[in-house]
Number of protein chains: 2
Amino acid sequence: MSQHLPPLAGRLTGLTSSAIRDLLKLTARAEIISLAGGLPDAALMPGERIAVAADAALRQDAALQYTESPGWGPLRAVLAERESARLGRAVPVDEVFVTHGSQQALSLLSEVLLDPGVLVVVEDPAYVGALQVFRAAGARIVALPMDGEGMRMDLLGELLAGGERPAVVHTVSNFHNPGGVTMSPARRQELAALAQRYGFWVIEDDPYGELWFDRPAPAPVATYAPNVIRLSSASKILAPTLRVGWMVAPNAVCRAVELLKQGADLCGSALTQQIAADLLGDTDWLTTHIDTVRAAYAERAGALVGALRERFGSRLTCTDAAGGMFVWADFTDGTDTGTLLAHALDAGVAYVPGQAFSVSTPYPHSLRMCFTTGAPDALAEAVDRLDRAVAAQGQGAVAQR
Amino acid sequence: MSQHLPPLAGRLTGLTSSAIRDLLKLTARAEIISLAGGLPDAALMPGERIAVAADAALRQDAALQYTESPGWGPLRAVLAERESARLGRAVPVDEVFVTHGSQQALSLLSEVLLDPGVLVVVEDPAYVGALQVFRAAGARIVALPMDGEGMRMDLLGELLAGGERPAVVHTVSNFHNPGGVTMSPARRQELAALAQRYGFWVIEDDPYGELWFDRPAPAPVATYAPNVIRLSSASKILAPTLRVGWMVAPNAVCRAVELLKQGADLCGSALTQQIAADLLGDTDWLTTHIDTVRAAYAERAGALVGALRERFGSRLTCTDAAGGMFVWADFTDGTDTGTLLAHALDAGVAYVPGQAFSVSTPYPHSLRMCFTTGAPDALAEAVDRLDRAVAAQGQGAVAQR
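Named according to an unreviewed UniProt entry, chain A is Putative aminotransferase originating from Nocardia cyriacigeorgica. UniProt lists a comment for chain A under the heading Subunit (unreviewed entry), and it reads "Homodimer." What the UniProt record of chain A gives under Cofactor (unreviewed entry) is the line "pyridoxal 5'-phosphate".

As structure tokens, this is what we get:
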């Protein structure tokens, strides 16, 4: 029967599922310790506190009905207060817009800010959720490498001096996914200055900023210029099930996103937005809760990075994991992380090869590891298994000679 | 500062908020009886049952985490069972896709099915939420009038015979919003036959089908052809806050929508989808609940239609309100419902003028009235006020001569 179905739109040609999603299906076996996922640890999420908030919200009819497209008013007020503190200026409620996770903000912003063919600058390695929507919008993508201070502003400066005029520069400013690094204060100021000088938008995508381990993340890029659109989310500090992300942006951007949100899905869930408002507004509880998540992730990150350095020594370099959810590592001995993956799965460990995040640079020797869902001893065991996989690959290579 | 902000995308030009939304802002005053909205009655929504389901769901970590893009598995299984009964064939779970309300299905389908410039046929008057996304996709819209049996298939046949080849025909098959009519069984079979003969997709948008008053809605259009994509929603039978809509479509369509959903917002809320699965799977409870909603809406619809016919007699014709949420009426005495609105607001009643749903026909003498949120005596009072508004407009017209 299916051969008689009408065609789909031609513009879908070439759209493919993310390599990471396909990989995750392979790594779901119980005996595999997976560092491949990108999920926060559900065991650290405040299920009971959410249940209390849900019960309280559901005593009011408003929790059952449609809510406003820009988000439930009291949630926007709580977010405005939090973001005012973070940005050091009074953020009006009109400039706060609640989205269905940060991903929806990226998707709607790509329609609001990008005409087909315009240039978008991203970081290399890149956050694939952003790449996907920028590509779908028909943007031309240029990826600029990062070093230990984040995106290389010297290279962005060269690009601009050469006459390129991006519509948007996208950055995951804190504890980069997948790169693991945080943009330095100096680079943030440079980026903001370039954005104002050359008239482009910056999307500062910041889901991980509160998950710092030893010291708070630097002041946001949005502190330094009005044309920075700041995104964050409750997914990593509370729970993804709330589907509450938010955007802080100039009023004109919020109103354009509002029009598109009406067509995209009308509005978010009044229930989950009321839960989010309750928890984010309960500041004493929230501080304690986030401290608990931070401490747990810090211990896990330390265990993973410690084991990697102890086990591989100079054969591998990796980020310090000062916050967030990910460690990025590069083999210095020529190990190919693409072909290594089969050996790793045999040895009972999974990760994402660097090439999955590649735009310009292929990253054949790199890998991303997520440390949130493993206990410290499981992470050490994962590194042991990774070492055995590297050894097995080496023997296979010898056997083939 | 705002004059120094970078520009927004050029393709946003001409995108405007819906006239209905703007109108609703004017009609929110407490002293106005509003028939202008389109909301189900929150007082009839099962808040306590939802609270019980939320509490049960939140005992499991899975209710806190990200869920699958096509929807939480057990919810899709419940929906597959319900839709199998409705369609009289076994609907596989792979052909059920959960969306963030039906609106998201319309939005994602417009990307999956429509290339810019293709023809989309809608009903006149049209469901504006669908119009908005079809226009945003760059489709060419042709609206075909309805009569008491729904969309005029003779006119669709003429269009096709004349060489037009739509990519999609969209219909709100049951208790049309705003038109109030239900497509007859014969028209459904004609539509399905034309879809197969000429190779176009039908989107059967059916949020109201279970809200019948005296007799069940006819078998869905999707019963008669494989190239019918069926949409429905929990918003009108349970609560909009769940943001649970669903699509039944061939596997190729579901997989294309899945790719786009990943970019649009990753996934829905595990919590609200688990609540929906609990309530939709609790069939005895659900039957009783929907019967209660039906009985209440039937009483209100009867009160509104009865009052309109008693008060206006032959000066106005209106639909029978056999289900759903809306009555469509036409003044036969030349009353202009656009200019009448100011008098109506003065008299303390609001409605939506027909022109808000216009594509080809201007509907200057028509109006849409929603009966869900008023008690029967309030609806009768609303009709009294409408009558006073018509009288006031008539006097104004005399005074101007």
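J.: Could you give an account of the sheet that holds strand β8 (residues 228–233) of chain B, naming the residues involved and the relevant values?
T.: Residue and element names in this part refer to chain B. Within the open sheet, the eight strands sit side by side as β2-β9-β8-β7-β6-β3-β4-β5. Their pairing is mixed. Looking at strand neighbours, the two that pair on one side only are β2 (96–99) and β5 (150–151), the edges of this open sheet. Strand direction decides the pairing type here: β2 and strand β9 (residues 245–248), joined by four bridges, are antiparallel. From the neighbouring strand, F97 faces β9, where its bridge partner is M247. Packed onto the sheet, helix α3 (residues 73–87) meets β2, β8 and β9 and runs at close to 120° relative to β2.

J.: Before we move on, could you go through the interface of chain B and chain A and cite the residues and values that matter?
T.: Listed as interface residues are 74 residues of chain B and, on the opposing side, 74 residues of chain A. Between chain B and chain A, a total of about 6000 Å² is buried, with carbon and sulfur atoms accounting for 61% of that surface. Contact with chain A buries surface across chain B, with R11, L64 and Y66 of chain B losing the most and accounting together for 11% of the total. Here chain B is connected to chain A by zero salt bridges. At the junction of chain B and chain A, the tally comes to 31 residue pairs in polar contact (both at pLDDT 80 or more). Contributing elements (two or more residues each) for the side of chain B that touches chain A: α2 (47–57), α4 (101–113), α5 (128–136), α8 (251–265) and α9 (270–281) of chain B. By residue class, the composition of the side of chain B that touches chain A is 43 nonpolar, 22 polar and nine charged.

J.: Give a description of the UniProt feature "domain: Aminotransferase class I/classII large" (unreviewed entry) in chain A that names residues and reports values.
T.: Here the UniProt-annotated "domain: Aminotransferase class I/classII large" (unreviewed entry) positions come out as residues 48–386 of chain A. In this annotation, residues 48–386 of chain A is assigned 44% helix and 17% strand; the end-to-end C-alpha distance for the span is 37 Å.

J.: Requested: an account of the relation of the copies chain B and chain A, with residues and values cited.
T.: The operation relating chain B to chain A is a screw motion whose rotation component is 180°, with 0.0 Å of axial translation and a residual RMSD of 0.0 Å. One copy is carried onto the other by what is essentially a two-fold rotation axis. When you check the interface residues of chain B against chain A, 100% turn up at the interface there too, and the contact is symmetric in its surfaces.

J.: Could you give an account of unusual backbone geometry, naming the residues involved and the relevant values?
T.: Residues and elements named next belong to chain A. For the peptide bond that leads from N177 to P178, omega is 10°, which places it in the cis range. Here P178 is to be found in the loop between β6 (168–171) and α7 (185–198). Non-glycine residue R243 carries a positive phi angle of around 50°. For R243, the position within the fold is in the loop between β8 (228–233) and β9 (245–248). R243 sits in the buried class, given a relative accessible area of 5%.

Parameters and conventions
- Residues numbered from 1 in each chain as written.
- Chains lettered and ligands numbered in written order.
- Predicted model: local features only at pLDDT ≥ 70, side-chain atom pairs only at ≥ 80, totals over all residues.
- Heavy atoms only, no water.
- UniProt positions renumbered as here; feature names shortened; annotations may be inferred.
- Pairing = 2+ DSSP bridges.
- Helix = DSSP H or I, 4+ residues; strand = E, 2+ residues; numbered from the N terminus.
- Contact = heavy atoms within 4.5 Å.
- Axes fitted to C-alpha atoms, helices over the stretch in contact; angles between N-to-C directions.
- Buried area = accessible area lost by both parts, 1.4 Å probe.
- Salt bridge = Lys/Arg side-chain N within 4 Å of Asp/Glu carboxyl O.
- Polar contact = N/O pair within 3.5 Å; in protein donor to acceptor, adjacent residues only side chain to side chain.
- Nonpolar A, V, L, I, M, F, W, Y, C, P; charged D, E, K, R; others polar.
- Least-squares fit on C-alpha atoms with pLDDT ≥ 70 in both.
- Buried < 20%, exposed > 50% of the residue type's maximum accessible area, 1.4 Å probe, protein only.

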